[in-house]
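Chain by chain, the residues run as shown.
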Amino acid sequence: MTAGDTIERGAVAIAGVGGNGAVAIAGVGSAEGFASATAGVGGNGAIADGVGSAEGFASAMAAALKIGKIVLTSPLILAPLAGYTDVAFRRLCRDCGAGLTVTEMTSVKGLCYGSRNTRELLRTAPNERPSCVQLFGSDPAFFERALALPELAGFDIIDVNMGCPMPKITKNGDGSALLSDPAKAAKIVAACVKAGGGRPVTVKMRIFGDAIAFARALCDAGAAMLAVHGRTPAQRYSGAADWDAIGNIARALPIPVAGNGDVVSVSGVRFALKTYGVSGVMIGRGALGNPAIFSGADGDYFGGHSGGGYVGASGGDYFGAANGGAFSECRGVAANGGYAGAACCDSFPDSAVGERPLPPVLRHLNYLTEYFPDRYAVTGMRKHLVYYLCGVPGAKRLKSKIAALETAAGLFAELKSALYQNGGVFT
Ligand SMILES: Cc1cc2nc3c(=O)[nH]c(=O)nc-3n(C[C@H](O)[C@H](O)[C@H](O)COP(=O)(O)O)c2cc1C
């Protein structure tokens, strides 16, 4: 893959996200470096094969991703994005076909000390099976203790974060700091395997000079799968993900590797699966505003618009600016038995919707209200709307209206009306 292999609408769209959009609508600082992180994805580094059709997607997806004895229904995994991939968004992504979703990173020390905030991160949706918890820390004993807690008993897969490059994490020896201590990292994996009661243990790591040797050490310690983000810790989120480096790790290991970094389209998924010897693809920012990426939606469900990626200006977006793509996408997934349908998310039932599943953007808000207080639902949704509205005509006006809304019911009504006005998904 070369840097020019990109057909993404997101290249333009996401640049806006990293800029004013985030401030204007979300009004949140979000994770450190997130603006620059999002600005990087979908640009020249976005990975894609340049083929607009869905042809080949099914065959690329056909190979099962096996984590220990667990076989995923899809090799596509939603990456953990602290502050974004809460239980509501994960549920939506599962509706759309994600084979696995992972909790936001959860401190083993926080769990052992009984922190309520930490425990909150462990909530899962009914459709999150198999379920996966991501833990972070650097003391094997704390991992063992945490895994003995009832709070972690229900998880099917245990993932360890060895990739987070943020100083507040690495200064304690956690996250990507473990990459420089393979012996300790292996001890953590072994401790989790021992305390996990037969559940598979996976690791999310980054590339670096000795990544292959490091990955082998984790494998020898009992890791069942690795997710590899193709950037070094020093890069944080800048530059393009190095998929050749991911491929080299994948080919060197006897266990499955899921590649991660800059995949923002179905085309990118297909290219990664075909080209780099990975068994799965983990998608983070590319799922924001576009959970349908997990359904193989571009090409087919977006009415022939290739690229997928971020909901963009060229049509087929959730706000129906061009061809009501969101609803056709819903139908497509429903036909595959994907969506749980409107009945399961009826905080704001709407007679105009009838039997149809709600479009993802509205279902997202419904799920938020199901799990969180109104205030969180509104602020949480605003953060995601930055992505849903990327490149949508009239978004600026809508964003300023939304910024003034304080209740989820008001937000739902406004979004629904915007959908109607654009001649979109309900007409
Ligand atoms: C805001 C934000 C939060 C993140 N939180 C986590 C996390 O909790 N655990 C983790 O392993 N990685 C986390 N990451 C890294 C992502 O999982 C992923 O590796 C990275 O965004 C590259 O993938 P992408 O290009 O598909 O987004 C985070 C990244 C961002 C931008």
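Worth saying up front: this structure is predicted, and the values here are computed from it rather than measured.

What counts, and at which threshold
- Residues numbered from 1 in each chain as written.
- Predicted model: local features only at pLDDT ≥ 70, side-chain atom pairs only at ≥ 80, totals over all residues.
- Helix = DSSP H or I, 4+ residues; strand = E, 2+ residues; numbered from the N terminus.
- Buried ≥ 20, exposed ≤ 12 C-beta atoms within 10 Å, placed from the backbone.
- Contact = placed C-beta atoms within 7 Å.
- Pairing = 2+ DSSP bridges.

Caption draft 1: Main features of the overall build of the protein. Per the secondary structure count, the protein includes 17 helices and 11 strands. Burial statistics for the protein: of 427 residues in total, 59% are counted as buried. Within the protein, counting contacts between residues at least 6 apart in sequence, those at least 24 apart form 70% of the total.

Caption draft 2: Molecular detail of helix H4 (residues 87-95). When you tally the buried positions in H4, you get 9 out of 9 residues, the bulk of the element. Of all the residues in H4, the buried ones are Val-87, Ala-88, Phe-89, Arg-90, Arg-91, Leu-92, Cys-93, Arg-94 and Asp-95. Buried residues belonging to H4 abut strand S3 (76-78), strand S4 (100-101), helix H14 (360-371) and helix H15 (374-388).

Caption draft 3: Expanded view of helix H12 (residues 266-275). Of all 10 residues in H12, 8 are buried, a share of seventy percent or more. Along H12, the residues classified as buried are Val-266, Ser-267, Gly-268, Val-269, Arg-270, Phe-271, Ala-272 and Leu-273. Just downstream of H12 lies Gly-277, where phi reads positive at about 70°.

Caption draft 4: Highlighting unusual backbone geometry. With an omega of -5°, the peptide bond between Arg-129 and Pro-130 qualifies as cis. Structurally, the position occupied by Pro-130 is in the loop between helix H6 (116-120) and strand S6 (132-136). Phi at Arg-236 is positive, roughly 50°, even though this residue is not glycine. Judged by the 18 C-beta atoms lying within 10 Å of it, Arg-236 is partly exposed. One non-glycine residue with positive phi stands out, namely Asp-262, at about 70°. Note on placement: Asp-262 falls in the loop between strand S10 (257-260) and H12.

Caption draft 5: Main features of the sheet that holds S10. One open sheet holds the 9 strands; their spatial order is S4-S3-S11-S10-S9-S8-S7-S6-S5, and the pairing between them is parallel. Of all the strands in the sheet, the pair left with one neighbour each is S4 and strand S5 (106-107). Here strand S8 (residues 201-206) pairs with strand S9 (residues 225-229) via 5 bridges, running parallel. Bridge pairing in S9 links Met-205 to Val-228.

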